[in-house]
Amino acid sequence: LLSFGLVSARHDGFLTFTACWSWVLAFKQSHNIVSRNITKFVTLSHLENAPDLRSQSPSFVGSVASVIDDYHPDLIINTDQSGFNYVIKSNRMLAIKGDKHTLALTSSKNKQTHSYTIQPMVSMSGNVHGKLYICLQEINGKFGPTVKKQIDKIQDKCKNVVIRCSKSGKLQKSLVKDWAKMSY
């Protein structure tokens, strides 16, 4: 961010200053700026919606806690998507010393491209339920004929796996509906 600001100021003709490494080090130390791991990539809408989610969370947790004991642990099922990246991005950046979270703003999470997403279902008792749903990334969101034949062979042999695709490799609403139908 600091170097971007210097480049912009220099480009606009406002700055003729060139910082040496010792100046940058002294600046970072005097402003408590350190290199930190990025803990999460977020979009601007995520930052805008965060206060609403924080205020609604206690109510949701309370409503679940009041009924969870009424069900057998095999009937309480958790599911979540896990994406696997093509490219590993740098996970470090400069931040103020002592910050607990270091967020990196990105214009689109899809630009943090990943090749596929899986969606398993696991019960509270630890048992796997339904089929493992795998969503692969395909440029036009459809399998080509050669890949389609290979996918069909895999699904014929592995009855507990469902393989689909999307442009991003992420599950969109229509794919989540497909996954729900295939799971039971």
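No experiment lies behind these values; they were computed from the predicted model shown. (Residues numbered from 1 in each chain as written. Predicted model: local features only at pLDDT ≥ 70, side-chain atom pairs only at ≥ 80, totals over all residues. Heavy atoms only, no water.)

(A) Focus on unusual backbone geometry. The phi dihedral of Asn32 falls on the positive side, at around 55°, and the residue is not glycine. Examined against the element boundaries, Asn32 turns out to sit in the loop between α2 (21–30) and β1 (33–37). (Helix = DSSP H or I, 4+ residues; strand = E, 2+ residues; numbered from the N terminus.)

(B) Region of interest: the pairing of strand β9 (residues 161–166). Counted residue by residue, β9 has 5 buried out of 6 residues, so it is predominantly covered. With 6 bridges connecting them, strand β8 (residues 128–137) and β9 associate as parallel partners. Within β9, the residue paired with Leu136 across the bridge is Cys165. (Buried < 20%, exposed > 50% of the residue type's maximum accessible area, 1.4 Å probe, protein only. Pairing = 2+ DSSP bridges.)

(C) Focus on the environment of Asn140. Summarising the element assignment, Asn140 is placed in the loop between β8 and α4 (145–157). A residue is classified by how much of its surface remains accessible, and Asn140, at 53% relative accessible area, is exposed.

(D) Inspection of the pattern of salt bridges at higher detail. Within the structure shown, the criterion is met by 2 salt bridges. Residue Asp152 is joined to Lys148 by a salt bridge in which the shortest nitrogen-to-oxygen separation is 3.0 Å. Highlighted residues: Asp152 and Lys148, both in helix α4, separated by 4 residues, approximately one helical turn. Judged by its relative accessible area of 31%, Asp152 is partly exposed. Take Lys148: its relative accessible area is 41%, and that puts it in the partly exposed class. (Salt bridge = Lys/Arg side-chain N within 4 Å of Asp/Glu carboxyl O.)

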